[in-house]
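Understanding the architecture of this molecule
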Amino acid sequence: MKNKKIDIVLVILILVIVSFGVLMVYSASSYHALVMYGDPFSLAKKQGTFAIIGIIVMLFIGMKIDYRIFSNIKVAGFIYIAANSLVALLPVIGHSSKGATRWIMIGPITIQPSEFAKIATILMVSSFIVHYRNKLQKLHLILGGFTIIGVPAVLVLFENMSSAIVIGAAGVIIMFVATKDVWYYVLGLVGAGGLGWMGLHLAATTDSKVETTGLLQVIFPQYRLDRFRVWLDPWIDPKGVGYQPIQSLYAIGAGGLFGRGLGMSVQKQGFLPEPHNDIIFSVICEELGLVGAGCVLLIYALLVVRGLMVAINAADLFGSLVASGLVGLVAVQVLINVAVNTNTFPTTGMQLPLISYGGTALVVLLSSLGILLSISKYSKIEKTRR
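Values in this document were obtained by computation on a predicted structure and should not be read as measured data. (Residues numbered from 1 in each chain as written. Predicted model: local features only at pLDDT ≥ 70, side-chain atom pairs only at ≥ 80, totals over all residues. Heavy atoms only, no water.)

Re the overall build of the protein chain
Helices and strands together make up the secondary structure of the protein chain, namely 14 helices and three strands. Taken against the 2.2 N^0.38 rule, which gives 21 Å for 386 residues, the C-alpha radius of gyration of the protein chain at 21 Å falls within 12% of a compact globule. Buried residues in the protein chain amount to 49% of all 386 residues. If you take every contact in the protein chain between residues at least 6 apart in sequence, the share linking residues at least 24 apart comes to 71%. Taken as a whole, the protein chain presents about 18000 Å² of accessible surface, with 69% of it coming from carbon and sulfur. Separation between the mean location of the 28 positive side-chain charges and that of the 17 negative ones in the protein chain comes to 13 Å. (Helix = DSSP H or I, 4+ residues; strand = E, 2+ residues; numbered from the N terminus. Rg over C-alpha atoms; globule rule 2.2 N^0.38 Å. Buried < 20%, exposed > 50% of the residue type's maximum accessible area, 1.4 Å probe, protein only. Contact = heavy atoms within 4.5 Å. Areas by Shrake-Rupley, 256 points an atom, 1.4 Å probe, with all protein chains shown as cover. Lys, Arg positive; Asp, Glu negative; His and termini not counted. Charge placed at Lys NZ, Arg CZ, Asp CG, Glu CD.)

Let's talk about empty space enclosed by the protein
As enumerated under the stated definition, the model contains two cavities of 30 Å³ or more in all. Of the voids in this model, the largest cavity is the one considered here, and its volume is about 140 Å³. Contributing elements (two or more residues each) for the lining of the largest cavity: helix 5 (113-131), helix 13 (317-341) and helix 14 (359-378). Sorting elements by how many residues they give to the lining of the largest cavity places helix 14 first, with five residues. Along the lines of polarity and charge, the residues of the lining of the largest cavity split into ten nonpolar, six polar and two charged. For the second largest cavity, the calculated volume is near 50 Å³. What lines the second largest cavity is simply Leu10, Leu303, Val304, Gly307, Leu326, Val327, Val330, Leu369 and Leu372. (1 Å grid on protein atoms, 1.4 Å probe; cavity = no way out; pocket = protein on both sides within 12 Å on 5 of 7 lines; lining within 4 Å. Points joined across faces, edges and corners; volume = space filled by probe spheres on them. Nonpolar A, V, L, I, M, F, W, Y, C, P; charged D, E, K, R; others polar.)

Observations concerning the nonpolar core
With 80 residues, the main nonpolar core has Leu354 and Ile371 as its most contacted residues. The element contributing the most residues to this core is helix 13, with twelve residues. Ile371 has contacts with Ile61, Tyr67, Phe70, Ile119, Leu123, Val322 and Leu326, leaving out every residue within four places of it along the chain. Counting seven residues, the second largest nonpolar core, distinct from the first, contains Val87, Ala117, Val156 and Ala164. (Core = buried A, V, L, I, M, F, W, Y, C linked by side-chain atoms within 4.5 Å.)

So, the packing of aromatic side chains
A ring pair, where both rings are aromatic, is described by two values, the distance of the centres and the angle of the planes. One pass over the full model with this rule turns up four aromatic pairs. For the ring pair Tyr26 and Phe41, a centre distance of 4.8 Å and an interplane angle of 10 degrees mean the geometry is stacked. Residue Tyr26 is found in helix 1 (residues 8-37), and its partner Phe41 is found in the loop between helix 1 and helix 2 (42-64); the two are separated by 15 residues along the sequence. When its relative accessible area of 43% is taken as the criterion, Phe41 is described as partly exposed. In this structure an aromatic cluster arises from ring pairing among Tyr67, Phe318 and Tyr378. Its end group placed over the ring of Tyr37, Lys46 keeps NZ or CZ at 5.8 Å from the ring centre. (Phe/Tyr/Trp six-rings, centres within 6.5 Å; stacked < 30°, edge-to-face > 60°. Lys NZ or Arg CZ within 6 Å of the ring centre and 35° of its normal.)

Some remarks on helix 2
Residues that lie three or four places apart on an α-helix share one face, since the helix turns once every 3.6 residues. Between its first and last C-alpha, helix 2 extends 33 Å over 23 residues, near the 33 Å set by a 1.5 Å rise per residue. Of all the positions in helix 2, only Ser42, Leu43, Ala44, Gln47, Gly48, Ala51, Gly54, Ile55, Met58, Ile61 and Gly62 are classed as buried. Its buried side turned inward, helix 2 meets helix 1 and helix 14. (Expected span 1.5 Å × (residues − 1).)

A short note on a nonpolar patch on the surface
A cluster of nonpolar residues, Leu86, Leu89, Val92, Ile93 and Phe116, forms a patch on the protein surface that exposes about 420 Å² of accessible area. Structurally, Leu86 is set in helix 3 (residues 73-88). A relative accessible area of 32% places Leu86 in the partly exposed class. (Patch = residues over 30% accessible without salt bridge, like charges linked within 9 Å, V, L, I, M, F, W, Y side chains within 5 Å. Salt bridge = Lys/Arg side-chain N within 4 Å of Asp/Glu carboxyl O.)

What to know about the confidence of the model for the protein chain
For the protein chain, the average pLDDT comes to 87, and 92% of its residues sit at 70 or higher. Confidence scores differ between elements of the protein chain, with strand 1 (residues 95-97) showing the lowest mean pLDDT of 65 and helix 12 (residues 280-312) the highest of 96. (pLDDT = per-residue confidence, 0-100.)

Quick notes on the pattern of salt bridges
Here the idea is simple: oppositely charged side chains can pair when their charged atoms come close. For the structure on display, the rule yields six salt bridges. Across the pair Asp66 and Arg68 runs a salt bridge whose closest N-O atoms are separated by 2.7 Å. For Asp66, a relative accessible area of 29% puts it in the partly exposed group. For Arg68, a relative accessible area of 29% translates into the label partly exposed.

What to know about the environment of Pro113
Along the polypeptide, Pro113 turns up in helix 5. Separated by 26 residues in the primary sequence, Pro113 and Val87 place their C-alpha atoms 5.5 Å from one another. Setting aside residues up to four positions removed in sequence, Pro113 forms contacts with Leu86, Val87, Leu90, Arg102, Trp103 and Ile104.

Describing the side chain of Ser114
One can find Ser114 in helix 5. When its relative accessible area of 7% is taken as the criterion, Ser114 is described as buried. Here Ser114 is in contact with Val87, Val156, Asn160, Ser163 and Ile167, once residues within four sequence places are set aside.

Details of the packing of helix 7 (residues 161-178) against helix 13
When two helices pack together, their arrangement is given by the angle between the helix axes and the distance between those axes. Two numbers describe how helix 7 lies on helix 13: the axes approach to 8 Å, and their chain directions differ by 140 degrees. The pairing of helix 7 with helix 13 is recorded here as oblique in orientation. Crossing angle aside, the handedness with which helix 7 passes helix 13 is right-handed. Across from Ile165, Val166, Ala169, Ala170, Ile173, Ile174, Val177 and Ala178 in helix 7, the residues of helix 13 making contact are Leu321, Ser324, Gly325, Gly328, Leu329, Val332, Gln333 and Ile336. Grouping the constituent residues of the contact of helix 7 with helix 13 by class yields twelve nonpolar, four polar and no charged. (Axes fitted to C-alpha atoms, helices over the stretch in contact; angles between N-to-C directions. Parallel < 35°, antiparallel > 145°, perpendicular 65-115°, else oblique. Left-handed = near helix turned anticlockwise from the far one by under 90°.)

Written out as structure tokens, the structure is:
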């Protein structure tokens, strides 16, 4: 197969989002960084450094690494086991912050294993499907595919429900693309809807001061039920759990159609907790308005569409499945983040991909998109002339 060049349209879209992300991290974090570190550029400089590292790794993978190496089930399995082992070891070797143990500290570097679990799951389930593609109609293999998805999702669920949802969604998208039967997914949607209803029911009928027990404590610990409660009415606890969604809505409402102007956010000045992280979309709305936020979502949409074109025109089944999973990974994270910021989804710690502050998430996601670029080299879609 003739070697081609990576998709320049994808590269441009990714670079635009990442560059905008560094700019918005500076804008959103300047007050926080000045107060905490005495330098308004502190967090933006770190984000810029990680962005450069991530882009270099992405381009290296896209141009020099043949994505088909990951189709080997032994290679994919090694990556999958390594990533899940890191997640499983978090209670032992993890670093706790704000009541959660999601990170591993290696000197000055903080690593979030759930980010590795996302791409590892995509590679493993895609490799599994390709390996058994002629027998995939058998129920035990279908269950095997969902088990591959379920193991990291359950491991991550203990400390990070939003990442568990993303892992599950990306994996299910791949399974949906690969299988003809739809009843599995109908059952899955019914199950997810049932869990959501149970969460709302428990939030409405249980005492917020009494902890759940048993399996319910794993799926719906009290802090998650509190988020359900304030999702329905943030004003029941305006100084506690409801504080973030209220301040987020204030920021979005204050932005109006065209925003206050870049760097002019009021809510980032001590009102929004860590505005450069999960809540950064609210700052975008406040500073750039509905028009600016709409442009950001449009660029994401273009990235997703271009990624789907790569998936549809991939040279082989493995490339198509991995590309579908990576596109789903980005799309689901954007949807959840925007939904949380606008209080149309209960509060959960989900970053806005390629924009929110976070070194591990940015480098790992850019590295993953490098695999998408590698797939694009061999796809049949028409490349922009150079």
